[in-house]
2 protein chains.
Amino acid sequence: MLRQRLIRFLKENKGEYISGQKLSEQLNVSRTAIWKHINELKNEGYQIKSHHKLGYKLVSEPDLLIYEEVSPYLTTNFIGKNYIHKLTIDSTNNLAKEIASKVPDGTVIIAEEQSAGRGRLGRSWLSQKGCGIWMSVILKPNIQPQEAINLTQVAAISVVKAIEELSHVENKIKWPNDIIVNNKKVCGILTEMSSEIDKINYVVIGIGVNVNCYNFPEELKGKATSLNLETNSKVDRKKLTASILNNLEFYYNTYLQKGFEYIRPICIAKSITIGREIKVIYNEGEMVGKAVTIDSNGSLIVETKEGKRLSIMSGDVSVRGLLDYI
Amino acid sequence: MLRQRLIRFLKENKGEYISGQKLSEQLNVSRTAIWKHINELKNEGYQIKSHHKLGYKLVSEPDLLIYEEVSPYLTTNFIGKNYIHKLTIDSTNNLAKEIASKVPDGTVIIAEEQSAGRGRLGRSWLSQKGCGIWMSVILKPNIQPQEAINLTQVAAISVVKAIEELSHVENKIKWPNDIIVNNKKVCGILTEMSSEIDKINYVVIGIGVNVNCYNFPEELKGKATSLNLETNSKVDRKKLTASILNNLEFYYNTYLQKGFEYIRPICIAKSITIGREIKVIYNEGEMVGKAVTIDSNGSLIVETKEGKRLSIMSGDVSVRGLLDYI
């Protein structure tokens, strides 16, 4: 791809002029082709100075999660090899489900902004422009539909590891699908799938991370936060996106090859739910108990006051002391 | 709908002429409008004689599963109220999955012919033109994804009851999704779904019935048959379609309101699998045993030679003596 080679070349020489002649020779295309691509890049937000004698100088890259900006940090073999970027979209999970059967395993869809971002159980997810990571990963694992719950866990530990790497802030998993920093939510995961009764067609893992967002509406202030707000420093969205995908591929492969038992200790170590009092709301009512562990299926084991142990595979779980459950 | 009222009126007076004047008065539209609609109906295969003085006479209806021809036999409250008919399609399940999130619960898609009909586990399903019922029903139940297996059973007993009603031939269910007459397959059911981990978005139940088909390719002759071939009489596709949908709504409502326990005795009574030796092929290998019963989850209980009882929720099940398993 000429475009990608041009960007790499400009980046390697960032802050310095390179002549059109040199670019043309290095990339083996005409100076007119170079000029056309430079103009395209300028339109997309690359700040490039042109000088009639000196040539072109890259001043800065756009703060966009386009492939050219994320891929230098990617070390994956299949996740993100097919990468679709949108400035705005209704929901990356919606597009993912539309195209999933026609695109390769590991396809990533990422948007700067979602106009109708979704959370679990039909709830909405605020996805403001340019401040977060709003993405969906399409996976086609050869597992049973009832095992797909494990993929939410695989994604959750991948996000936790990536945040630790890039943001150095303690963050934990509120079972099954939220990432918590200082008792508030920085990330939610929405796993959806298409399946036969005993065969998965595809899974879509939606991951929304509040990275540099700070403008939360009043009703979310007790519940939502961002990495920037909690650490007082800006986090590189590009590196964080790549790190989530790198970790996801690693833990996904581990899970497929070795089973959930190899993932489970990390899920338990990184859980903010275990050991605390929780409330579970499900179709038929609610129950209160203490979260004890995560079992070999990925279910949450809860002990009631009467000492009865229950295995929770679904339902809406509140943890006392987190978000708005006091 | 003028069109439907016109058809009903013509059918009520089938074989007799009705004047354009009378149709125009009864249906409260101009004679030109009547004339236009009559021409449309003729194009769709209705044989209608026109006489400059006597008016119009319906001679015969087309053998098509269009709404106007099936709905007179429908007694449902919601299944089939939204009804999409295609002369040809790749697969009714494919279209169903594309539109499911935008159409009402109970939407039916039916085609005269499928160019790429599908069975379970990615297999193909022969769906020749005009001889069978190739349809998909979209349902949006408030149940857990792991319970969707029960809907295959609900559909299976609905087909069995409908065939008993219309064709008076003994037919039974090869767990979980085939209907068998004289040791060969007359119907297959393919249930697919879109879900979150703990919430179904929608289920698509694909039902393919070989009704009046007789032209099976050599490699299917040991396995597939049709109602016509087994009974030596033509079965009315329109009535059978309606009866399947009527039964489906009844048993679906029963299942949702009262649970699988109310469906289970019928599944057991109509099973051709129970009591026989079976072979189950799954990812890791195969096992042989005797099918004992269907349990309260809808799983097949199998007893091995060593007397061990296993619960089968998935996998590829062959029954000794059926199809090509000797």
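Quick caveat, the model's predicted, so the values are computed rather than measured. (Residues numbered from 1 in each chain as written. Chains lettered and ligands numbered in written order. Predicted model: local features only at pLDDT ≥ 70, side-chain atom pairs only at ≥ 80, totals over all residues. Heavy atoms only, no water.)

K.L.:
Residues and numbers for the overall build of chain A, please.
P.N.:
Helix and strand content of chain A: 9 helices and 14 strands. Taken over C-alpha atoms, the radius of gyration comes to 22 Å for chain A, in line with the 20 Å a tight globule of 326 residues would show. Overall, the C-alpha framework of chain A stretches about 80 × 45 × 30 Å when taken along its three principal axes. Classification of the 326 residues of chain A by burial places 54% in the buried group. Summarising the internal contacts of chain A: among those between residues at least 6 apart in sequence, 62% fall at separations of at least 24. Accessible surface, chain A: about 14,700 Å² in total, of which carbon and sulfur atoms supply 47%. In chain A, 43 positive and 36 negative side-chain charges are present, and the distance between their average locations comes to 5 Å. (Helix = DSSP H or I, 4+ residues; strand = E, 2+ residues; numbered from the N terminus. Rg over C-alpha atoms; globule rule 2.2 N^0.38 Å. Buried < 20%, exposed > 50% of the residue type's maximum accessible area, 1.4 Å probe, protein only. Contact = heavy atoms within 4.5 Å. Areas by Shrake-Rupley, 256 points an atom, 1.4 Å probe, with all protein chains shown as cover. Lys, Arg positive; Asp, Glu negative; His and termini not counted. Charge placed at Lys NZ, Arg CZ, Asp CG, Glu CD.)

K.L.:
I'd love a proper account of helix H3 (residues 31-43) of chain B, names of residues and values included.
P.N.:
All names here are of chain B. Spanning 13 residues, H3 covers 19 Å between terminal C-alpha atoms, matching the ideal 18 Å at 1.5 Å per step. Within H3, the full set of buried residues consists of Ala 33, Ile 34, Ile 38 and Leu 41. Looking down the long axis of H3, one finds its buried residues gathered within 135 degrees of arc, a one-sided arrangement. Exposed side of H3, more than 90 degrees from the buried face: Lys 36 and Asn 43 are the residues found there. On the buried face of H3, the contacting elements are helix H1 (2-12), helix H2 (20-27), strand S2 (47-51) and strand S3 (55-60). After H3 finishes, the residue Gly 45 shows a positive phi value of roughly 110 degrees. (Expected span 1.5 Å × (residues − 1). Arc of directions from axis to C-beta.)

K.L.:
Could you give an account of the interface of chain B and chain A, naming the residues involved and the relevant values?
P.N.:
In this complex, chain B contributes 24 residues to the contact, which on the side of chain A involves 24 residues. Carbon and sulfur atoms supply 45% of the area that chain B and chain A bury against each other, a total of about 2,000 Å² over both sides. Applying the counting rule to chain B against chain A returns 1 salt bridge. A salt bridge links Asp 198 of chain A to Arg 120 of chain B; the shortest N-O distance between them is 2.5 Å. Viewed at the interface, chain A and chain B are joined by 5 residue pairs in polar contact (both at pLDDT 80 or more). (Buried area = accessible area lost by both parts, 1.4 Å probe. Salt bridge = Lys/Arg side-chain N within 4 Å of Asp/Glu carboxyl O. Polar contact = N/O pair within 3.5 Å; in protein donor to acceptor, adjacent residues only side chain to side chain.)

K.L.:
Quick rundown of empty space enclosed by the protein? Include the residues and the values.
P.N.:
In this approach a probe as big as a water molecule rolls over the atoms, and the regions it shows empty are the leftover space. In the structure shown here, the tally under the stated rule is 3 cavities of 30 Å³ or more. Quantified by volume, the largest cavity comes out at close to 200 Å³. Forming the boundary of the largest cavity are 20 residues, of which Pro 145 and Gln 146 of chain A together with Pro 145, Gln 146 and Met 193 of chain B lie nearest the centre. Of the residues contributing to the lining of the largest cavity, the split by class is 12 nonpolar, 6 polar and 2 charged. (1 Å grid on protein atoms, 1.4 Å probe; cavity = no way out; pocket = protein on both sides within 12 Å on 5 of 7 lines; lining within 4 Å. Points joined across faces, edges and corners; volume = space filled by probe spheres on them. Nonpolar A, V, L, I, M, F, W, Y, C, P; charged D, E, K, R; others polar.)

K.L.:
Got a sec to walk through the pairing of strand S10 (residues 277-282) of chain A? Specific residues and values, please.
P.N.:
Looking along a regular strand, one sees the side chains alternate between the two faces of the sheet. All names here are of chain A. Relative to strand S11 (residues 285-294), S10 is paired through 6 bridges, and the arrangement is antiparallel. Counted as the bridge partner of Ile 278 is Gly 289 from S11. As judged from the 4 bridges shared by S10 and strand S14 (residues 316-319), these two strands associate in the antiparallel manner. When the sheet's bridge partners are listed, Lys 279 is paired in S14 with Ser 318. (Pairing = 2+ DSSP bridges.)

K.L.:
Give a description of the UniProt feature "domain: BPL/LPL catalytic" (unreviewed entry) in chain A that names residues and reports values.
P.N.:
Under the UniProt annotation, "domain: BPL/LPL catalytic" (unreviewed entry) lies at residues 68-256 of chain A. This span, residues 68-256 of chain A, is 29% helix and 25% strand, and a straight line between its end C-alpha atoms measures 29 Å. (UniProt positions renumbered as here; feature names shortened; annotations may be inferred.)

K.L.:
For the relation of the copies chain B and chain A, give the residues involved together with the corresponding values.
P.N.:
One chain copy maps onto the other through a rotation about an axis and a shift parallel to that axis. Overlaying chain B with chain A gives an RMSD of 0.0 Å, the required rotation being 180 degrees about an axis along which the chain moves by 0.0 Å. As the rotation angle and translation indicate, the two copies are arranged about a two-fold axis. Among all residues of chain B, the one whose C-alpha sits closest to the rotation axis is Ser 194 of chain B, at a distance of 2.2 Å. In this assembly the copies share their binding face: 100% of the residues contributing to the interface of chain B also contribute to that of chain A. (Least-squares fit on C-alpha atoms with pLDDT ≥ 70 in both.)

K.L.:
Give me the packing of aromatic side chains: which residues, what numbers.
P.N.:
All names here are of chain B. Counted according to the given criterion, the structure contains 6 aromatic pairs over all chains. Ring centres 5.0 Å apart and planes at 75 degrees place the aromatic pair Phe 250 and Tyr 251 in the edge-to-face group. Its relative accessible area of 52% is what places Phe 250 among the exposed residues. Among the residues examined, Tyr 251 registers a relative accessible area of 8% and is labelled buried. (Phe/Tyr/Trp six-rings, centres within 6.5 Å; stacked < 30°, edge-to-face > 60°.)

K.L.:
A description of the sheet that holds strand S1 (residues 17-18) of chain B should follow, citing residues and the corresponding values.
P.N.:
Residue and element names in this part refer to chain B. Spatially, the 3 strands line up as an open sheet ordered S1-S3-S2, and their pairing is antiparallel. Single-partner strands in this sheet number two, and they are S1 and S2. The pairing of S1 with S3 spans 2 bridges and is classified as antiparallel. The residue of S3 that forms the bridge with Tyr 17 is Lys 57.

K.L.:
Describe in detail the UniProt feature "DNA-binding region" (unreviewed entry) in chain A, supporting the description with residues and values.
P.N.:
According to UniProt, the feature "DNA-binding region" (unreviewed entry) maps to residues 20-39 of chain A in the numbering used here. Within residues 20-39 of chain A, the helical portion is 85% and the strand portion 0%, while the C-alpha atoms at the span's ends are 13 Å from each other.

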